Amino acid sequence: VWHEPPHGTWQFGQPAVIAERTGLPVVADFRVRDVAAGGQGAPLVPIADALLFADDTRWRVLQNLGGIGNLTVVPPGGTLEGLRAFDTGPGVCIVDGVTRLLRPELPYDVDGRLAAQGQPIEAVLEALLADPFFAQEPPRRTGRERYTSAFIAEFVQRCRAARPSCSEGDIVATACWFTARSIALAFERFV
């Protein structure tokens, strides 16, 4: 419902009710406990990444690209020493939101067709990437509370103000590049 570390987190779900109704053991409140302990509220993914994807001798980085982008740095052998994870910035939430705003009949940029027709607007990218979040040291997190429908509408307006003749493809391409560049910055600065 609401998640803003270090201030707190509010999650739905009643573990006792689930246990009673299913008759099964229920382990819960990982996110709440992690925030209480000073984490960002996603303690299971990095551990699972280390268990599932560790190499015996090499470091690995796993990049997740959902609504929000995040990565896990997995040390050799999958040890917990050196394991870390953090949000890189927007994933596809802005691309999808911009696409739906410009083309309400589309749930997302199908096969990247709109973005492929456009050219990113560098001035918009530079302004967005100047957000202090992208320079913030990990651990860090962001979410849809930052990338709201108001943010999406402002994103489109920024594109049109920076390049009045921009196409829908230019706007969607700019959204794609925003995600890609935020990931590249995270790797460059913190991996």
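We now turn to the structure provided with this report. Residue indices follow the written sequence of each chain, beginning from 1 at its first position. Residues qualify for local features only when their pLDDT is at least 70, as the model is predicted, and side-chain atom pairs are given and counted only at 80 or more; totals for whole chains, interfaces and linings, by contrast, use all residues. The side-chain numbers reported here are obtained from all heavy atoms of the structure, hydrogens and water having been left aside.

Buried residues of nine kinds, namely Ala, Val, Leu, Ile, Met, Phe, Trp, Tyr and Cys, make up a nonpolar core once their side-chain atoms join them within 4.5 Å. Type-normalised accessible area, obtained with a 1.4 Å probe on protein chains alone, sets the label of each residue: buried when under 20%, exposed when over 50%, and partly exposed for intermediate values. Residues Ile 94, Val 98, Tyr 147, Phe 155, Ile 171 and Phe 178 are the most contacted members of the largest nonpolar core, which totals 28 residues. Among the secondary structure elements, those contributing two or more residues to this core are α4 (93-102), α5 (113-116), α6 (122-129), α7 (149-162) and α8 (168-190). A run of H or I in DSSP becomes a helix once it reaches four residues, and a run of E becomes a strand once it reaches two; helices and strands are each numbered from the N terminus. Looking at this core element by element, the count peaks at six residues for α8. Any two residues whose heavy atoms approach within 4.5 Å at even a single point are treated as in contact. With residues up to four places along the chain from it excluded, the contact list for Phe 178 reads Pro 90, Ile 94, Leu 125, Leu 128, Leu 129, Phe 134, Tyr 147, Phe 151 and Phe 155. Leu 71, Phe 86, Ala 186 and Phe 190 belong to the second largest nonpolar core, which has five residues in total.

In this analysis, axes come from line fits to C-alpha atoms, helices being fitted only over the stretch in contact, and the angle between any two N-to-C directions falls in the range 0 to 180 degrees. Contact geometry of α4 with α8 gives a least axis separation of 8 Å together with a crossing angle of 165°. Between α4 and α8, the interaxial angle falls into the category roughly antiparallel. Note on packing geometry: the crossing formed by α4 with α8 is right-handed. Where α4 abuts α8, its residues Ile 94, Val 95, Val 98, Thr 99 and Leu 102 lie against Glu 168, Ile 171, Val 172, Ala 175, Cys 176 and Phe 178. Under the scheme applied here, ten amino acids are nonpolar (Ala, Val, Leu, Ile, Met, Phe, Trp, Tyr, Cys and Pro), four are charged (Asp, Glu, Lys and Arg), and all others, including Gly, are polar. Class assignment for the residues of the contact of α4 with α8 results in nine nonpolar, one polar and one charged. Any angle that is under 35 degrees is reported as roughly parallel, and any over 145 degrees as roughly antiparallel; angles of 65 to 115 degrees are reported as roughly perpendicular and all others as oblique. Crossing handedness: left-handed means the near helix sits turned counterclockwise from the far one by under a right angle, and right-handed means the same turn made clockwise.

Quick look at the environment of Glu 168 now. With respect to the helices and strands, Glu 168 occurs in helix α8. Judged by relative accessible area, which is 27%, Glu 168 ranks as partly exposed. Along the backbone, Glu 168 and Pro 75 are 93 residues apart, and their C-alpha atoms lie at a distance of 42 Å. Contacts of Glu 168, omitting those with residues within four sequence positions, involve Leu 102, Arg 103 and Leu 114.

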